[in-house]
Amino acid sequence: RALRDSPIEALNCDNCGIEAIEIDSDYSPKHLTTLRLNQNRINADGCRQISKLLQGGDSTLKHLYLRNNKIDDDGVAILVDALQKNVSLQILDLMSNEGIFAEGRKLCLKLVNDISSIKAT
């Protein structure tokens, strides 16, 4: 809620020991365009919360960095599902998440090859 009306556009929380963040979908940040959560301990539960920032037409997030976390194929599935109707995100960085295997990579490729959200813009 604290960021709802904040003018903050970029938030860098790299290497802060974060496992999850609580997101109230009714109070999503209006101006946040870049969120860096690299080198934390974010897992599928954390992805569920982050997905709330990606859903709906009100999302302003353009860059989401989740390098070197504990994200696995289930976490990727949650993020990909949230991105189905997202038209704002331009960068999703999931590098160095050792729990992402073939299934997670396939989901990412499917998302990249799905042009339905492009047609919606």
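Q: Sorry if this is basic, but what is going on with helix α1 (residues 44-54) here?
A: At 3.6 residues per turn, the α-helix brings residues three or four places apart onto the same side. The buried fraction of α1 amounts to eight of the eleven residues, a majority that puts the element mostly inside the structure. For α1, the full list of buried residues reads Ala 44, Gly 46, Cys 47, Gln 49, Ile 50, Ser 51, Leu 53 and Leu 54. Contacts from the buried residues of α1 go to β2 (34-36), β3 (63-65) and α2 (73-82). With a side-chain oxygen positioned 3.0 Å from the backbone nitrogen of Asp 45, the residue opening α1 is Asn 43.

Q: Got a minute to help me understand empty space enclosed by the protein in this structure?
A: Summary: where empty space remains is shown by rolling a probe the size of a single water molecule over the atoms. Tallied over the full model, the rule gives one cavity of 30 Å³ or more. Its boundaries defined by the atoms lining it, the largest cavity holds a volume of some 50 Å³. Lining the largest cavity we find Ser 28, Pro 29, Leu 32, Leu 53, Asp 58, Ser 59, Thr 60 and Leu 61. Among the residues forming the lining of the largest cavity, the class breakdown is four nonpolar, three polar and one charged.

Q: Mind showing me how you'd approach the sheet that holds strand β1 (residues 10-12) here?
A: Pairing between sheet strands relies on hydrogen bonds along the backbone, with the strands arranged either parallel or antiparallel. As summarised here, the arrangement of the four strands in space is β1-β2-β3-β4, forming an open sheet in which the pairing is parallel. One side of each edge strand has no neighbouring strand; the edge strands of this open sheet are β1 and β4 (91-93). Ignoring which end each strand starts from, the neighbouring axes of this sheet average 0° apart. Across three bridges, the pairing between β3 and β4 is parallel. Bridge pairing links Tyr 65 to Asp 93 in β4.

Q: How should I be thinking about the nonpolar core in this particular structure?
A: A general feature of soluble globular proteins is that nonpolar side chains tend to end up buried together. Leu 37, Ile 42, Leu 54, Leu 61, Leu 64, Leu 66 and Ile 71 are the most contacted members of the largest nonpolar core, which has 26 residues in total. With near-sequence residues (within four places) excluded, Ile 42 lies in contact with Ile 18, Glu 19, Leu 37, Cys 47, Ile 50, Leu 66, Asn 69, Lys 70 and Ile 71.

Q: I would appreciate a short explanation of the packing of aromatic side chains in the present structure.
A: We describe a pair of aromatic rings using the distance from one ring centre to the other and the angle between the two ring planes. A full pass over the atoms with the stated rule returns zero aromatic pairs. When the ring centre of Tyr 65 is taken as reference, the NZ or CZ atom of Arg 36 above it lies at 4.4 Å.

Q: Teacher, can you tell me more about the side chain of Asn 69 here?
A: Mapped onto the elements of the fold, Asn 69 is located in the loop between β3 and α2. Within the local environment of Asn 69, its side chain forms a polar contact with the backbone nitrogen of Asn 40, the two atoms lying 3.1 Å apart. Among the polar contacts made by the side chain of Asn 69, one reaches the main-chain carbonyl oxygen of Leu 66 at a distance of 3.1 Å. With residues up to four places along the chain from it excluded, the contact list for Asn 69 reads Leu 37, Asn 38, Gln 39, Asn 40, Arg 41, Ile 42, Ser 96 and Asn 97.

Q: Could you clarify how one ought to interpret α2 in this entry?
A: When you tally the buried positions in α2, you get seven out of ten residues, the bulk of the element. Here α2 has its buried residues at Asp 73, Gly 75, Val 76, Ile 78, Leu 79, Val 80 and Ala 82. Taken together, the buried residues of α2 touch α1 and α3 (102-113).

Q: What am I meant to see in the environment of Gly 17 here?
A: Structurally, Gly 17 can be placed in the loop between β1 and β2. Taking the C-alpha atoms as reference points, Gly 17 and Leu 37, separated by 20 residues in sequence, lie 9.5 Å from one another. The residues contacting Gly 17, other than those within four sequence positions of it, are Asn 40 and Arg 41.

Reading the values: the criteria
Residues numbered from 1 in each chain as written. Predicted model: local features only at pLDDT ≥ 70, side-chain atom pairs only at ≥ 80, totals over all residues. Heavy atoms only, no water. Buried < 20%, exposed > 50% of the residue type's maximum accessible area, 1.4 Å probe, protein only. Helix = DSSP H or I, 4+ residues; strand = E, 2+ residues; numbered from the N terminus. Contact = heavy atoms within 4.5 Å. Polar contact = N/O pair within 3.5 Å; in protein donor to acceptor, adjacent residues only side chain to side chain. 1 Å grid on protein atoms, 1.4 Å probe; cavity = no way out; pocket = protein on both sides within 12 Å on 5 of 7 lines; lining within 4 Å. Points joined across faces, edges and corners; volume = space filled by probe spheres on them. Nonpolar A, V, L, I, M, F, W, Y, C, P; charged D, E, K, R; others polar. Pairing = 2+ DSSP bridges. Axes fitted to C-alpha atoms, helices over the stretch in contact; angles between N-to-C directions. Core = buried A, V, L, I, M, F, W, Y, C linked by side-chain atoms within 4.5 Å. Phe/Tyr/Trp six-rings, centres within 6.5 Å; stacked < 30°, edge-to-face > 60°. Lys NZ or Arg CZ within 6 Å of the ring centre and 35° of its normal.

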